[in-house]
Every structure is written in structure tokens, then in C-alpha cells.
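Commentary on secondary and tertiary structure
Chain residues, written in single-letter form:
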Amino acid sequence: MLSRDPELLRKIGEATALEVRATCIAVCRDPRWGRCYESYSEDHRIVQAMTEIIPGLQGDLTANSQHGVPFVGGNIHMPAYLDSIKKCVATVMISYSSWNGVKMHANRDLVTGFLKDKLKFKIGRVSTELHPRPMLTTLILFMPESLQELTWNIENWLGTLRRSLVLLKNGKPADTPLPPLPKKAPKILVTGTHADNLGYECGGWTIEWQGVSGNEFIVGTSVLTAVKNAVDPTTQVVYCENPDKNFVKSNDFSYAIVVVGETPYVETFGDGMNLTIPEPGPSIITNVCGGTLKCVVALISGRPVVI
């Protein structure tokens, strides 16, 4: 998995630094938090290992270790920040949140006493309090120096994506796995709220702060388009976003690919007590996968959810 490969994270940092230099090393201990997808793991030891992204990001410029002071949580939340400082991270973003009723930017004991005096962080700080969209003040943007550089970046991201996918279950009996799916088949079904929606697939911080729905203004390849590009030319690909059971039964599909998940969110807008995907996602899974049709469900979410 991606989160178990520090060396790969360093290379990701190098690729990311072509366009932006910032990372988040928070430890998400509660999936109800709307920023869990910014965290590498609930295990602080994994997050500590992932600070290897900093040497890749930083190069000869500064990297930004986000949310550096608010989580003074002893052995759980602080170790990754200590590792970041040991790796000479040059800036730390002071959180917009409060601790014991005191805004972090006004907390002299933590910012000066703890961060600068005790941890000996002397290089610089980044404030986010004065901007309506806090993260934007921490990002240093760069244009790729050449088309070849941009192409190299895309190819590396595709490889990283392949390594970071998590296969939860492969076939009902373990000895007869379903994937990899055959590229050559008479007719297949692609369905789901996220199958042909680049806005949903990209999530928050895309086009708009809270993300968008649809394919307008986004250049990319949706899951539906990717499937069409990957299968044999003789394979008929049928797309229906929300089919009923009769539609599924009346077509002789070889298999179905269902793509559902959470809708985009950012920060506190993602906080919630209900860790399920919204309708019609669950109904689509039931209608398509509830019978005898071979079915693969791709779940796009920023945290563990119940389906």
C-alpha cells in the first residue's frame, strides 16, 4: 500500500513540488472528522514514516508542514511533527482552530514556548488566519518547466494511483477471484453516481473550495471513459447511472462495474455522524449486484464508510 512506502512518498514529494509544496501530517483518529482524507493514517507510526515526503517536497525551497501546533497530543499527535522538524521542514502552518478556548495564533505558550523554544523550530511560520480560504496561503505554486516534465509527473501519478488502490474483497469464494476483469466481453455495464462525474471523482479543492459535480471545466478521464479506452474494441460498454433491477435483468451483461461514494467536501463541511454513502449509491449496489450478475464496486471516499 502507498502508506507503507516512505521512499515512494519521497518521490511523490518530488513530483508534487513541480506544482505545489505542502503536506499534512495530522493523525486522524475519528473518521467522522471531515479532514480524515488529509491524514496518512490513524497510526502515528505510519504518519511518522510518511514525513519522508518532506525531503522530496522541499528541495531547495521550503515545504509546509500543515497544522503543526494544534494537536499537542503526547505520543499520538506530536511525533510526526517532531520528525518533520528533524528533517528540517522550513515552515509550519499554525492552525485556525482553538485549544482550551485560545486561538492558536494567540497561543504564545504553544507557538513561541513549545514550537520555537522547546522544539527549537527557528526558520519560519505560516499564518492562515487572514485569508478566507486558509490553505491557499500555504501553497507556493509553480509551473512545470517543460512539457516533458509535466508528462513525467502524470505518468508517475498514474503509477502511484495503481499502488494506492485498496482491494477489500475479491470474489465470494477466495479461490475464484473476479478481478482482473476480461477486456474482451460481449456486453458490460458501467453504472453509479461517480462513474462519469469528474467533479465527484476529484473531490474537494477542485475548481471550487467544496468541489463540484459534473464534468464541466475539468480536464480528465472519468472511470467510464477509462473503461471504454481499456476494453477490447468489440466489447459493448453500456452506461446507465442509476439502473433498476429490471434493466439489469433484461440485459445479458457479462459483468458490471459500479462506481459510487461520498460527494465532495472540505474541512468542517465533511464533519458528520453518518459514515455511509448517500443515496442512490446503496440502492444502485443492491439493484446491480443483488442478483447473479458478476459485479465490481469501486468506492470513492475520503474515509472508511459503510455500504
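Criteria and thresholds
- Residues numbered from 1 in each chain as written.
- Predicted model: local features only at pLDDT ≥ 70, side-chain atom pairs only at ≥ 80, totals over all residues.
- Heavy atoms only, no water.
- UniProt positions renumbered as here; feature names shortened; annotations may be inferred.
- Pairing = 2+ DSSP bridges.
- Helix = DSSP H or I, 4+ residues; strand = E, 2+ residues; numbered from the N terminus.
- Axes fitted to C-alpha atoms, helices over the stretch in contact; angles between N-to-C directions.
- Contact = heavy atoms within 4.5 Å.
- Patch = residues over 30% accessible without salt bridge, like charges linked within 9 Å, V, L, I, M, F, W, Y side chains within 5 Å.
- Areas by Shrake-Rupley, 256 points an atom, 1.4 Å probe, with all protein chains shown as cover.
- Salt bridge = Lys/Arg side-chain N within 4 Å of Asp/Glu carboxyl O.
- Buried < 20%, exposed > 50% of the residue type's maximum accessible area, 1.4 Å probe, protein only.
- Phe/Tyr/Trp six-rings, centres within 6.5 Å; stacked < 30°, edge-to-face > 60°.
- Lys NZ or Arg CZ within 6 Å of the ring centre and 35° of its normal.
- Disulfide = S-S within 2.5 Å.
- Core = buried A, V, L, I, M, F, W, Y, C linked by side-chain atoms within 4.5 Å.
- Right-handed = clockwise from strand over helix to strand, strands pointing away.
- 1 Å grid on protein atoms, 1.4 Å probe; cavity = no way out; pocket = protein on both sides within 12 Å on 5 of 7 lines; lining within 4 Å.
- Points joined across faces, edges and corners; volume = space filled by probe spheres on them.

In the annotation of an unreviewed UniProt entry, the protein is listed under the name beta-glucosidase and assigned to Rhododendron griersonianum. As stated in UniProt under Catalytic activity (unreviewed entry), the record for the protein gives "Hydrolysis of terminal, non-reducing beta-D-glucosyl residues with release of beta-D-glucose." The Sequence similarities (unreviewed entry) field of the UniProt record for the protein holds the comment "Belongs to the glycosyl hydrolase 3 family."

1. Observations concerning the sheet that holds strand E8 (residues 255-261)
Reading across from one edge, E7-E6-E8-E9 is the order of the four strands in this open sheet, with parallel pairing throughout. Each having just a single partner strand, strand E7 (236-240) and strand E9 (295-300) make up the two edges of the open sheet. Looking at each pair of strands side by side, their axes are set apart by 20 degrees on average, direction ignored. In this sheet, E7 lies alongside strand E6 (residues 187-191) in parallel orientation, the contact comprising five bridges. Bridging from a neighbouring strand, Leu189 pairs with Val238 of E7. Across the sheet, helix H11 (residues 281-289) touches E6, E8 and E9, and the angle it forms with E8 is around 170 degrees.

2. Section: a nonpolar patch on the surface
Nonpolar side chains collect at one region of the surface, where Val297, Leu299 and Ile307 lie side by side and expose about 240 Å² of accessible area between them. Residue Leu299 is classed as partly exposed on the basis of its relative accessible area, which comes to 30%.

3. Remarks on the packing of aromatic side chains
Overall, the coordinates contain three aromatic pairs when judged by the stated rule. Geometrically, the ring pair formed by Phe247 and Phe253 is tilted, given 6.1 Å between the ring centres and 45 degrees between the ring planes. According to the relative accessible area criterion, Phe253 is buried, its value standing at 7%. Looking at Lys187, its charged tip hangs above the ring of Phe253, at a distance of 5.4 Å from the centre.

4. Topic: the pattern of salt bridges
For the structure on display, the rule yields eight salt bridges. Linking Arg10 and Glu14 is a salt bridge whose minimum nitrogen-to-oxygen distance equals 2.4 Å. Highlighted residues: Arg10 and Glu14, both in helix H1 (residues 6-16), separated by four residues, approximately one helical turn. The class for Glu14 is partly exposed, based on a relative accessible area of 33%. One salt bridge connects Asp43 with Arg45, and the closest N-O pair in it is separated by 3.1 Å. Residues participating in the shared-partner salt-bridge network are Glu7, Arg10 and Glu14.

5. Observations regarding the state of the cysteines
Per the stated rule, a full pass over the model turns up two disulfides. Here Cys28 connects covalently by a disulfide to Cys36, the sulfurs 1.7 Å from one another. You'll find Cys28 and Cys36 in the same group, each marked buried. By sequence-ordered numbering of the bonded cysteines, the protein has its disulfides arranged as 1-2, 3-4.

6. Considering the pairing of E6
Burial within E6 is extensive, with five of its five residues counted as buried. Residues Lys187, Leu189 and Thr191 of E6 are buried on one face, and the alternating residues Ile188 and Val190, pointing to the opposite face, are buried as well. As defined by bridge partners, E6 adjoins E8 across four bridges and the pair is classed as parallel. Considered in E8, the bridge of Leu189 is made with Ala256.

7. Observations concerning the nonpolar core
Counting 27 residues, the largest nonpolar core has Ile85, Leu115, Leu119 and Phe121 as its most contacted members. Residue assignment for this core shows that the elements contributing at least two residues are H1, helix H2 (44-50), helix H3 (53-58), helix H5 (79-86) and helix H6 (108-118). It is H6 that contributes the most residues to this core, four residues altogether. One finds Leu189, Val248, Phe253 and Ile284 within the second-largest nonpolar core, a separate group that totals 13 residues.

8. Considerations on the pairing of E9
Sheet topology note: the E8/E9 ladder contains six bridges and is parallel. The residue of E9 that forms the bridge with Ile257 is Val296. Note that the unit made of E8, H11 and E9 has a crossover that is right-handed.

9. A look at the layout of surface pockets
Where empty space is left in the structure can be found by rolling a water-sized probe over the atoms. In this structure, the second largest pocket spans a volume of roughly 170 Å³. Lining the second largest pocket are 13 residues; nearest its centre among them are Val248, Lys249, Gly291, Thr292 and Leu293. Only helix H10 (245-250) and H11 provide two or more residues apiece to the lining of the second largest pocket.

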